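Listed here are the chains, written in short residue letters.
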Amino acid sequence: MKKTQQGLLALGMLFGVALVLSNVVAAKVVATGIPFPGGTLAFPGAVFCYAITFLVTDVVGEVWGRREAAAIVRWGFAAQLLAAALLLFTQALPAADPAVQEAYVRLLGQNGAFAGASLVAYALSQSWDVFVFHRIRARVLARHPDGRGRRWIWNNASTMSSQLLDTIVFVGLAFGCGLGWIFDPAMRPALLSLMLGQYLVKLALAALDTIPFYCLTRNA
């Protein structure tokens, strides 16, 4: 991808859409059928949308630089706040059909604990992603000035570690503290199952995004 203002704008829009949609589709939990102590491994459908956001920040960081990647993260946080406010506002409006209102609340209703957990996890994981990406990139290139072929190192290290942080923080706050699972011995295996299920999928997606990352940064 060429270093143009239009390219940066397009990636910023992709980031915002994927980020907002990740909160919208988070209610869909995908069952894997893979047995695990306490149940089966499961993950929210949001992991696919969220994976795109990490790819975008890595591409922006590689092509445009750390400042632009950090700016996208900050604007993304504002977009999350705006999306949550609009969802709450729409939820509060009188509904013509009670059944539709019930479905809206069930699928799109904002739970305080979940919304807060999502914002905290986002701020920590995305900031960590940008920091680790550029820290490792700088160290590798300092030792190997012609080592841009090793982009997979900082791409994977930053995304895989930040996705782990995101999983622990979000699931821990939303389900562990918000729903009280961490205080219930019977629900702790389910909490661990949800964390592990999410991270395994995120880990696979982080590895797969190496291909589009290389494709989008080949001309950088």
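Residues numbered from 1 in each chain as written. Predicted model: local features only at pLDDT ≥ 70, side-chain atom pairs only at ≥ 80, totals over all residues. Heavy atoms only, no water.

To continue, consider helix 1 (residues 5-24). When the terminal C-alpha atoms of helix 1 are compared, their 29 Å separation across 20 residues agrees well with the 28 Å that a helix rising 1.5 Å per residue should span. Restricting attention to buried positions, one finds in helix 1 the residues G7, L8, L11, F15, A18, L19 and S22. Viewed along the axis of helix 1, the buried residues span an arc of 100°, placing them on a single side of the element. Residues of helix 1 that are exposed and point over 90 degrees away from its buried face: Q5, Q6, L9 and M13. (Helix = DSSP H or I, 4+ residues; strand = E, 2+ residues; numbered from the N terminus. Expected span 1.5 Å × (residues − 1). Buried < 20%, exposed > 50% of the residue type's maximum accessible area, 1.4 Å probe, protein only. Arc of directions from axis to C-beta.)

In this model helix 2 (residues 46-63) runs 26 Å from its N-terminal to its C-terminal C-alpha over 18 residues, within 8% of the 26 Å that 1.5 Å per residue would give. The buried count for helix 2 comes to 16 of 18 residues, which makes it a mostly enclosed element. G65 sits one or two residues past helix 2 and shows a positive phi near 120°.

Attention now moves to a positive patch on the surface. There is a patch of like positive charges on the surface, built from R66, R135, R139 and R143. With three residues, helix 5 (residues 112-143) is the single largest residue contributor to the positive patch. Residue position: R143 is located in helix 5. Looking at R143, the relative accessible area reads 69%, which means it is exposed. (Patch = residues over 30% accessible without salt bridge, like charges linked within 9 Å, V, L, I, M, F, W, Y side chains within 5 Å. Areas by Shrake-Rupley, 256 points an atom, 1.4 Å probe, with all protein chains shown as cover. Salt bridge = Lys/Arg side-chain N within 4 Å of Asp/Glu carboxyl O. Lys, Arg positive; Asp, Glu negative; His and termini not counted. Charge placed at Lys NZ, Arg CZ, Asp CG, Glu CD.)

Moving on: the pattern of salt bridges. Summed over the entire model, instances satisfying the criterion amount to three salt bridges. D166 is paired through a salt bridge with K202; the nearest N and O atoms lie 2.8 Å apart. A residue pair is termed long-range when its members are at least 10 positions apart, and D166 in helix 6 (residues 151-178) and K202 in helix 7 (residues 188-208) qualify at 36 residues. For the pair formed by D166 and K202, the shared burial category is buried.

Now for a nonpolar patch on the surface. Among the surface-exposed residues, V120, L124 and L173 lie close enough to one another that they form a single nonpolar patch of about 220 Å² accessible area. Positionally, V120 belongs in helix 5.

What follows deals with the side chain of S22. Within the fold, S22 resides in helix 1. Using a relative accessible area of 4% as the deciding quantity, one classes S22 as buried. Among the polar contacts made by the side chain of S22, one reaches the main-chain carbonyl oxygen of L19 at a distance of 2.5 Å. Residues in contact with S22, not counting those within four places in the same chain, are A46, C49 and Y50. (Polar contact = N/O pair within 3.5 Å; in protein donor to acceptor, adjacent residues only side chain to side chain. Contact = heavy atoms within 4.5 Å.)

Here we come to the packing of helix 1 against helix 3 (residues 66-92). With their axes 10 Å apart at the nearest point, helix 1 and helix 3 run at an angle of 40° to one another. Put simply, helix 1 runs oblique to helix 3. Pair helix 1 / helix 3 crosses with right-handed handedness. Residues L8, G12, F15, L19, V20 and N23 of helix 1 touch helix 3, and the partners they reach there are E68, I72, G76, A79, Q80 and A83. When grouped by side-chain class, the residues that make up the contact of helix 1 with helix 3 number seven nonpolar, four polar and one charged. (Axes fitted to C-alpha atoms, helices over the stretch in contact; angles between N-to-C directions. Parallel < 35°, antiparallel > 145°, perpendicular 65-115°, else oblique. Left-handed = near helix turned anticlockwise from the far one by under 90°. Nonpolar A, V, L, I, M, F, W, Y, C, P; charged D, E, K, R; others polar.)

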